[in-house]
Amino acid sequence: MKHKFQYFSVGLITAWLCLFGLLSFLVMLTISFLQHDLDRIAVWHFTLQNYIDLFDPIFFKIFLKSFYIAFLVTAGCLLLGYPFAYIVSRLPEKVQNLALLLLLLPFWTSSVVRTYAMMSLLKTKGLLNAALLSMGLIHEPLQILFTNTAVSIGLIYNLLPFMILPIYVNLERFDVSLIEAAKDLGAKYTTIFRKVIIPLSMPGILGGCTLVFLPAMTLFFISDLLGGAKALLLGNLIEDQFLMANNWPRGAATSVLLTVLMAIGLLLYWSKTNKRVDYEAVT
Amino acid sequence: MKKWVYIAFSLLCTLARANDNVVNVYAWSQEVSPKVVRQFQKDTGIRVNFSTFDSNEVLYAKMKASRQTQYDVVEPSSYYIMRMARENMIEKLDLGKLSNYKNLNPAFTHPDYDPTGEYSIPWVLGLAGIVVNRKYYPNDNLEKWTDLWSPKYRNSLLLLDDPREVFNVGLLTLGYSPNDNNVQHLKKAYENLVALLPNVRLYNSSSVPSLLIDEDVTIGMGWNADAYKAHLQNPNIEFIYPKDKFVIWVDCFVVPKNAPHRENAYKFLNYVLQAKIAALQVKETFYPTANLAAIDYLPPEIANSKIIFPSVEQLKQGYFQTDLNDDALESISRYWQLLKLQ
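### Structural notes on a nonpolar patch on the surface
Residues and elements named next belong to chain A. Taken together, the side chains of L98, L101, L102, L104, L105, F107, W108, F162 and L211 present a nonpolar region at the surface, about 860 Å² in accessible area. No other element matches helix α4 (residues 93-104), which puts four residues into the nonpolar patch. When you line up the elements, L101 lands in helix α4. Under the relative-accessibility criterion, L101 is labelled partly exposed at 43%.

As C-alpha cells, this is what we get:
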C-alpha cells in the first residue's frame, strides 16, 4: 500500500515536471533553432542565427549589467541572510518555527502587490520620507524610487528567504560540539567562524546564492516598477522579445542561454558539495 | 436512460441557441466603460462577451493565431489598422448601415491610416504632450519638446514607456515626420534621444496619473487623458500641446474578416456611435472622442477642457500615427534597448 502511494506521488510529480517543465523547455529549445517569421511564430528552417544574434554588443551589455545587479543583490542577501539564519538556527525549536513562519508569511501575498507596497514606502511622499522628515533627519525628501538602489532593495526584499532557507537548513544540522572542540583548542570566535562554521555551511551558502542569483536577473516587474523601467534586466529582454518584438526564436534562444547558465551554476554547486563530503570522509 | 440523454441534449441545444444572440468584443483595457457595455445589453438584449488586451501586439498575435476568428469587434490602434487592412484581416464596413456615423467629427473620418474611412470606426483618441507641475516650475517657458532638453531638468523627466511615442519626440524635434521609415533618420532621432537621457528619471505609461498626483515626477511627457485625471486632483498640473507638433493616436473599432456575428457587430458599432453613449464613455474615462455630437451631452467642465479637447488650430499641429515597415520597426526596437541601457 505504502509502495503504491509512493509510486503514485513520484509518478505524478514526474509527469507534472515532464509536461510543464521538460516539454515546454523542449519547445523553447526547438523554437530557438528556427527562423524568425513576422506572420507566424517561426518557420521550419534550421538556423543558428538566434544564438549568433546574442553575441551582439547590446545583448552582451545587458548580460553584464544583469550580472552586476544580480551580484550586488546576492551579496546583499548573503550579508543579511547569513546572520539571520545563524541566529534562527540557535533559537529554541518552537521559536524557530515561529520565526520561519514569519519569514514566509509575506509570500502569501503576490510579489507584484508587495512591490507596489514597496513603491508606496519609497516614493517622494512615501512613509520612509515622511518618517525621516518628521524626525528631522533630512530636510528634503530622498529620491530613492526609480534608481538602481530601489531595484536592489526590492530584489533583496523579494529574494531574501531564498538565501535564508538553504543556509538555515544547513546550520540547523550543524554539530555544536565542533564549536566547543574548537574553543577547547583555544580558537578565537573569529577563527571559529572563519575556519569551522563558514566552511561547513558552504553548501547552504552556495545553494542560497544559486537560488538568488538567477531570479535576480529575471524578475523584470521589479525593475519596471521600482527602477522606472530604466534598468534592463535579462528578464526584461526576454519579455520584450516575446511580447513586443514578436521574435519568439530569439527570445527562446535567450532563455535557453539562461537555462544553460543555471545548469552550470548547479553543476558547480554539486561538485562543491560532493567535495565537502569527500573532505569529511578523509578527516 | 434514453429519455435523459434526449432531455440533456435538447437542453444543451437551447443553451447553445441562447448563446447565439451575442457579440464578442475584444478591446483595450480601460477603454470601454463597463457602463457602456451594460447599457448596450439592456437596450438591445444582445449579450456582450467582453475581453481586454494591453497591447496591439497581443491582439495581432491572437488574430493571427486562429484561422477562424471568434471576435466580432476588435479595437486596434490606428497604425495597426493599416497593417490589418493590408493583410486582409479586417472587413470593409458598409457605412450606410450605420445611421449614427454622421455624429463623427469629419476630421477623423478620412485619417492617414484609413484614407477611405471604410475599415474603422474611431472610438477613443489621445495624444502625448508635455506635462508639468507648476508648483515646481512656476515660470519655465515650456512650449516645445526641445525645451525638455534643457540641462536644468537633469534626472527629472518622465517618458512614456512606449518606443513609438518616445521616437515620435526624437523625430519631431529634428523636423522629421513621426511616420518616417528612413533608417538614417531613426538613427539621428536615437542620437537626439541619447542627448536627452541625462534628464530622464523614469519610463512609465501605465500609472502616469498617480505619479503626477503624488509628485513623484513633476515634468515630462504624458497622454492628455492622464494629465486631465491628474489635474482634477492636483490643480498644479498643466498640459501643453507642443508647438513643434505631436502625434495623435486613435483606437478604433473594426470587424475581423469572417466575424461569426456580423449583424450584431453592426448593431454594436451603431450603438456606440450614438452621441449619448460616446459622451458617457468620455465622462467615465476622460479620453477625447471623435464623436462631435457627444460634446453637447458633456458637462461644461469636460466639454470646455483645453486638456481633453485641443482647439482646431492645435489639432492642425497633430500627425496621425501610421504603420512603419519592418526595417524601421526593427531599428526602433534595437535603439529602444540601447536607450534603456545607457
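Further notes follow.
### So, the packing of helix α5 (residues 163-172) of chain B against helix α13 (residues 326-341) of chain B
Helix packing for two helices is described by the angle between their axes and how far apart those axes are. All names here are of chain B. The contact between α5 and α13 brings their axes to 10 Å, and the two run at 90°. Overall, the two elements α5 and α13 adopt an arrangement that is roughly perpendicular. Residue-level inspection shows P163, R164, V166 and F167 of α5 in contact with α13, the latter providing L329, I332, Y335, W336 and L339.

### A closer look at the pattern of salt bridges
All names here are of chain B. Counted by the stated rule, this structure contains 20 salt bridges over all chains. Among the salt bridges present, the one from K152 reaches D140, with a minimum N-O distance of 3.3 Å. Pair noted here: K152 is in the loop between β4 (121-133) and β5 (157-159) and D140 is in the loop between β4 and β5, with a separation of twelve residues, a long-range link. By relative accessible area, K152 is classed as exposed at 55%. Judged by its relative accessible area of 15%, D140 falls in the buried class. One continuous salt-bridge network, built from bridges that share partners, spans R83, R86, D323 and D326.

### As for the packing of helix α5 (residues 111-122) of chain A against helix α6 (residues 127-134) of chain A
All names here are of chain A. It is the contact of α5 with α6, at a shortest axis distance of 4 Å, that shows an interaxial angle of 25°. Classified by the angle between their axes, α5 and α6 sit roughly parallel to one another. Taking contact as the criterion, the partners of S120, L121 and L122 in α5 are, on α6, L127, L128 and N129. Broken down by class, the residue content of the contact of α5 with α6 amounts to four nonpolar, two polar and no charged.

### A few points about unusual backbone geometry
With the exception of glycine, most residues fall at negative phi, and the peptide bonds are largely trans. One non-glycine residue with positive phi stands out, namely A229 of chain A, at about 60°. Counting through the fold element by element, A229 of chain A comes out in the loop between α11 (220-226) and α12 (234-244). With relative accessibility at 2%, the residue A229 of chain A sits in the buried group. The phi torsion at Q30 of chain B lies on the positive side, around 65°, for a residue other than glycine.

### Observations regarding the sheet that holds strand β1 (residues 22-28) of chain B
Strand pairing in a sheet relies on backbone hydrogen bonds. The paired strands run either parallel or antiparallel. Residues and elements named next belong to chain B. One open sheet accounts for three strands, arranged β2-β1-β3; its pairing is parallel. The sheet is open, and its two borders are formed by β2 (47-53) and β3 (73-74), each paired with just one other strand. Bridge analysis of β1 against β3 gives two bridges, and the strand direction is parallel. Among the inter-strand pairings, Y26 is bridged to a residue of β3, identified as V74.

How each quantity is defined
Residues numbered from 1 in each chain as written. Chains lettered and ligands numbered in written order. Predicted model: local features only at pLDDT ≥ 70, side-chain atom pairs only at ≥ 80, totals over all residues. Heavy atoms only, no water. Patch = residues over 30% accessible without salt bridge, like charges linked within 9 Å, V, L, I, M, F, W, Y side chains within 5 Å. Areas by Shrake-Rupley, 256 points an atom, 1.4 Å probe, with all protein chains shown as cover. Salt bridge = Lys/Arg side-chain N within 4 Å of Asp/Glu carboxyl O. Helix = DSSP H or I, 4+ residues; strand = E, 2+ residues; numbered from the N terminus. Buried < 20%, exposed > 50% of the residue type's maximum accessible area, 1.4 Å probe, protein only. Axes fitted to C-alpha atoms, helices over the stretch in contact; angles between N-to-C directions. Parallel < 35°, antiparallel > 145°, perpendicular 65-115°, else oblique. Contact = heavy atoms within 4.5 Å. Nonpolar A, V, L, I, M, F, W, Y, C, P; charged D, E, K, R; others polar. Pairing = 2+ DSSP bridges.

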